[in-house]
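# Descriptive structure summary
Given next are the chains, with one letter for each unit.
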Amino acid sequence: MTAGSSKKSGAKGPKPTHAKTEARTLKRKRDQEDVEKLRKATDELDTKTADLKNFTDLPLCEATAAGLRASHFEVLTDVQRAAIPLALKGKDILGAAKTGSGKTLAFLIPVLEKLYRERWTEFDGLGALIISPTRELAVQIFEVLRKIGRKHAFSAGLVIGGKSLREEAERLGRMNILVCTPGRMLQHLDQTAGFDVDNLQMLVLDEADRIMDMGFQLAVDALVEHLPKNRQTLLFSATQSKRVSDLARLSLKDPEYVSVHEEAVSATPTNLQQHYIVTPLTEKLDTLWGFLRTNLKSKIIVFLSSGKQVRFVFESFKRMQPGIPLLHLHGRQKQVARLEITSRFSSAKYACLFATDVVARGVDFPAVDWVIQADCPEDADTYIHRVGRTARYESKGRAVLFLDPGEEGFLKHLEHKKVPIQRVNVRDKKKASIKAELQSQCFQSPDLKYLGQKAFISYTRSVYLQKDKSVFQFKKLDLDGFAASLGLPGTPQVKFQKGEDVKRLKNASREAMSSGSEMDEDESDGEGGIKKKPASKKDEVRTKYQKMAERQNQDVLSLHYRKLLGDDGADDNDDEDFLSVKRVLNDDGLDAAAAGTGQSALPRVVKLGNNSELVIDSNRREKLLRSKKKLAKYMDKPSKLVFDDDGIAHAIYELQDEDGFRGEGPAEQLRREFVEHEATKVREADVGDKELAKQRRKEKRERQKAREREEMGLAPTGGGGGGGSAGAAAVAADARGGERGRGGGGRAAQEEGQEVVPG
Ligand SMILES: Nc1ncnc2c1ncn2[C@@H]1O[C@H](COP(=O)(O)OP(=O)(O)OP(=O)(O)O)[C@@H](O)[C@H]1O
């Protein structure tokens, strides 16, 4: 019976709720049949012989197929063709394929299919967990998941920190698929009450070798502890390790090795051109500058070894305006800034991004023309991942590695890994030195000089700490030349602790997380990890040099630099730095923490007037406050002032403002009037002066005559008339000459008068 006929007869139709229930039952039945069909097709699929070209050749549910169609994915890539059928069959997979070859879809499609086939609903909780070593990569995976999973009803979430734990925790319980970074996820597993992962069907590790690297080992161990053993596990990377210990750690069951490019002649994409330039460390920035200036219409990523290098090169090049938009990205920036920069660079047509290895892996920036490795990577795997940011999927790309002559040993490692690379030279006419320009920039800006000092120390330190001494030879570094090439006025002193290990330092933050201490996910200058819990002052053993370095640099720390740090505010507690500069000041200039405790153990800043500041962070500086003389050294130079009749201070020379000057008439006329006026004054003064001089000469002569007469025994001559005239002359001179008359002729006249007045 149809709904229409029941209406006609006037009889009541079935209740709408019944219709809904019926429809739902029908749908469930259809879905069940669909799932059965898919399972059968998958079982029948012979992974060795099947001729798979397109996604439509795979046994995929309609929702996944529709998502792929809508995202314009049609033809399978090699790794997708090899991995997806095996994963659909429920196998654990260890997948390795070149950068940009489409590994993301190779694991996301099986994730969606697995949950679909299990008829996963919102009430079943977390079904799949995808782990990425960096936030950038996690965000990207999440975006691809949203695109191809748009027709599915699963809920998916991104857990990468940056929000409060509670905010994230509230949503976690409702998610079917989570994309996360290891540390943050572990935090939730440890701390979020009611977050249940017992049902988890699938665990995916993208960039697995990195995640299994020592920095994340402990986090991953702890994370896996929480997960059910009975799950499917997929591991993917462009450089896959097959370490048995790693596989045991993840409890992989008879994993299938999918290594589609193992037989390939090169480990890097065939459409990637790779070159290296031998350029001494002291000329590296010149070479980089020259390169940028000649490639203004390009999209370029420049990899540097640390966040400090990135900041210095970005800041200094920005001031010199190369003519291409500059961006910079490193692990110490706030998440919002990082995401914004990533999206700006993604959408830019021409731009240069200075970055650390935080974007070396997995990140899929569209249409990058060049990857420049200005600092030599720590190993060949890092090289392969870095160059993989260009020439992705079917596009072309070019990469250039800068090597100091001492680093040419690195080429052997590349050869061993099947990386084809050719030497090129910089054309002589393109060579130009920017040393003088950098020197002038550093001279003008203490902030830049400060960044340069930090860049110098972090670079030399990283070379010193590298394990591979065949490539990284600290002793061969021309430290003075390097410092000069950064524009620094002197060579900062560097001193290292024995037994330091660059990887351990880079990863220290991540290792710390295994202790389960309160922490937030973040990254070191390298790749993803967990922000280190700041060591207490007591725990922190600081060398004499560290203390000295702090003092050396604090005077150049200005407001501007704090602004520069801005989003990088967490800087400097990162790598047990020699130059720890961490000042959060409240209104009265006291360090917030110090003010709270009433102690001066933490640095505080004292304002000295004339806008200068002094950082007080040691007893020596504390004492300095008591001596005005010593303090004067830190103050600006005094300037002379004159006070007018109203007691208002003025500079000795004050320039009339231009408008006022112009309002008084034409400049030439004013000049003439001024000259005339001054000439009249001079003439008048001249007449007076001549008169006075004449008078003085006369008086002198008369005095002399009087003395001569006295000596000859004669009585004074001239009587009243003579005296009168002398007196009269003196009065006249006095009236004329004012002060001058009183001091000279006036007194003479009095004397003469006494002489002439009879006694
Ligand atoms: N089947 C496909 N058809 C067309 N484009 C594809 C296909 N698969 C992947 N791509 C595109 O290729 C690019 C690289 O894919 P993806 O990021 O998955 O590479 P990857 O192998 O994970 O690289 P990496 O090792 O650097 O992480 C992406 O832009 C993606 O959209």
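Residues numbered from 1 in each chain as written. Predicted model: local features only at pLDDT ≥ 70, side-chain atom pairs only at ≥ 80, totals over all residues.

Let us now look at the overall build of the chain. When its secondary structure is counted, the chain shows 29 helices and 20 strands. For the chain, buried positions account for 39% of its 759 residues. For the chain, the share of sequence-separated contacts (at least 6 apart) that also reach a separation of at least 24 residues comes to 71%. (Helix = DSSP H or I, 4+ residues; strand = E, 2+ residues; numbered from the N terminus. Buried ≥ 20, exposed ≤ 12 C-beta atoms within 10 Å, placed from the backbone. Contact = placed C-beta atoms within 7 Å.)

Let us look at helix α14 (residues 335–347). For α14, which comprises 13 residues, the first-to-last C-alpha distance of 18 Å matches the rise-based estimate of 18 Å (1.5 Å per residue) to within 8%. For α14, every residue scored as buried is listed here: R338, I341, T342 and F345. Down the axis of α14, the buried side of the element spans an arc of 100°, and every buried residue falls inside it. Among the exposed residues of α14, those oriented more than 90 degrees off its buried face are V336, S343 and S347. Considering only its buried residues, α14 is in contact with α6 (135–148), β10 (326–329) and β11 (351–355). (Expected span 1.5 Å × (residues − 1). Arc of directions from axis to C-beta.)

What follows deals with the site of the ligand. The local shell around the ligand holds 19 residues, among which G102, K103, T104, G362 and Y393 are the closest. No other element matches the three residues that helix α5 (residues 103–117) contributes to the shell around the ligand. Residues belonging to the shell around the ligand are distributed by class as follows: seven nonpolar, nine polar and three charged. (Near = placed C-beta within 6 Å. Nonpolar A, V, L, I, M, F, W, Y, C, P; charged D, E, K, R; others polar.)

Here we take up the packing of helix α4 (residues 78–88) against α5. It is at 9 Å that the axes of α4 and α5 come closest, and there the two elements cross at 20°. On the basis of their axis angle, the class for α4 and α5 is roughly parallel. The way α4 lies across α5 gives a crossing that is right-handed. Of the residues in α5, those touching α4 at V79, Q80, A83, I84, A87 and L88 are K103, L105, A106, I109, P110 and E113. (Axes fitted to C-alpha atoms, helices over the stretch in contact; angles between N-to-C directions. Parallel < 35°, antiparallel > 145°, perpendicular 65-115°, else oblique. Left-handed = near helix turned anticlockwise from the far one by under 90°.)

Residues W370 and I372 of strand β12 (residues 370–373) are buried on one face, and the alternating residues V371 and Q373, pointing to the opposite face, are buried as well. Bridging between strand β9 (residues 299–303) and β12 involves four bridges; their strand directions are parallel. Residue pairing across strands places I301 opposite V371, the latter belonging to β12. As defined by bridge partners, β12 adjoins strand β13 (residues 397–403) across four bridges and the pair is classed as parallel. Each residue of the ladder has a partner; that of Q373, found in β13, is L401. (Pairing = 2+ DSSP bridges.)

Right, let's talk about the confidence of the model for the chain for a bit. In the predicted model, the chain carries a mean pLDDT of 78, and 73% of its residues have values of at least 70. Between residues 1–12, whose pLDDT stays under 50, and residues either more than four places distant or in other chains, the model counts five contacts. Low pLDDT, under 50, characterises residues 508–602; the predicted model gives this stretch 160 contacts beyond four residues in sequence or across chains. Quick note on the complex model: pTM equals 0.66, ipTM equals 0.99. (pLDDT = per-residue confidence, 0-100.)

Further remarks concern the environment of R319. Looking at where R319 falls in the secondary structure, it is placed in helix α13 (residues 307–320). For the pair formed by R319 and Q441, sequence separation is 122 residues and the distance between their alpha carbons is 8.0 Å.

With that settled, the discussion passes to the environment of I301. Structurally, the position occupied by I301 is in strand β9. Taking the number of C-beta atoms within 10 Å as the measure of exposure, I301 has 27 and is therefore buried. Sequence separation between I301 and T356 is 55 residues; the distance between their C-alpha atoms is 9.9 Å. Other than its neighbours up to four places away in sequence, I301 contacts L353, A355, V368, V371 and R389.

Right, let's talk about the pairing of strand β6 (residues 232–237) for a bit. When you tally the buried positions in β6, you get six out of six residues, the bulk of the element. Taking every second residue as pointing to the same face, both faces of β6 are buried, with Q232, L234 and F236 on one and T233, L235 and S237 on the other. Looking at chain direction, strand β5 (residues 202–206) and β6 are connected through five bridges and run parallel. Bridge pairing in β6 places M202 opposite Q232.

Time to look at the sheet that holds β10. What the seven strands build is an open sheet, ordered β10-β11-β9-β12-β13-β8-β14; its pairing is parallel. Both edges of this open sheet fall to β10 and β14 (422–423), since each of them pairs with a single strand only. Helix α12 (residues 284–294) rests against β8 (272–278), β9, β11, β12 and β13 of the sheet, and its axis sits at about 160° to β13. Against the sheet, α14 contacts β10 and β11, and its axis sits at roughly 135° relative to β10.

With that settled, consider the environment of L488. By the secondary structure assignment, L488 is in the loop between α19 (479–485) and α20 (502–512). Along the backbone, L488 and L448 are 40 residues apart, and their C-alpha atoms lie at a distance of 9.3 Å. The residues contacting L488, other than those within four sequence positions of it, are C442, K449, G452, Q453, F456 and A483.

Turning our eyes to something else, we now look at the sheet that holds strand β3 (residues 156–159). With respect to topology, seven strands assemble into an open sheet ordered β3-β4-β2-β5-β6-β1-β7, the strand pairing being parallel. Every other strand in the sheet has two partners, leaving β3 and β7 (256–259) as the edge strands with one partner each. The sheet shows a mean angle of 15° between the axes of neighbouring strands, direction not considered. Against the sheet, α5 makes contact with β1 (93–96), β2 (128–131), β4 (177–180), β5 and β6, and its axis sits at roughly 165° relative to β6, the strand it touches most.

Before going further, it helps to examine α5. In this model, α5 (15 residues) spans 22 Å end to end at C-alpha, consistent with the 21 Å of a helix rising 1.5 Å per residue. Counting buried positions over the 15 residues of α5 gives 13, a clear majority of the element. Positive phi appears at R119, one or two residues downstream of α5, with a value of about 55°.

What follows deals with unusual backbone geometry. One non-glycine residue, D254, lies in positive phi territory at about 35°. By the element assignment, D254 lies in the loop between α11 (244–249) and β7. In this structure D254 comes out as exposed when scored by C-beta crowding, with 6 C-beta atoms within 10 Å. At K418, a residue that is not glycine, the phi angle is positive and equals roughly 65°. Summarising the element assignment, K418 is placed in the loop between α16 (410–416) and β14.

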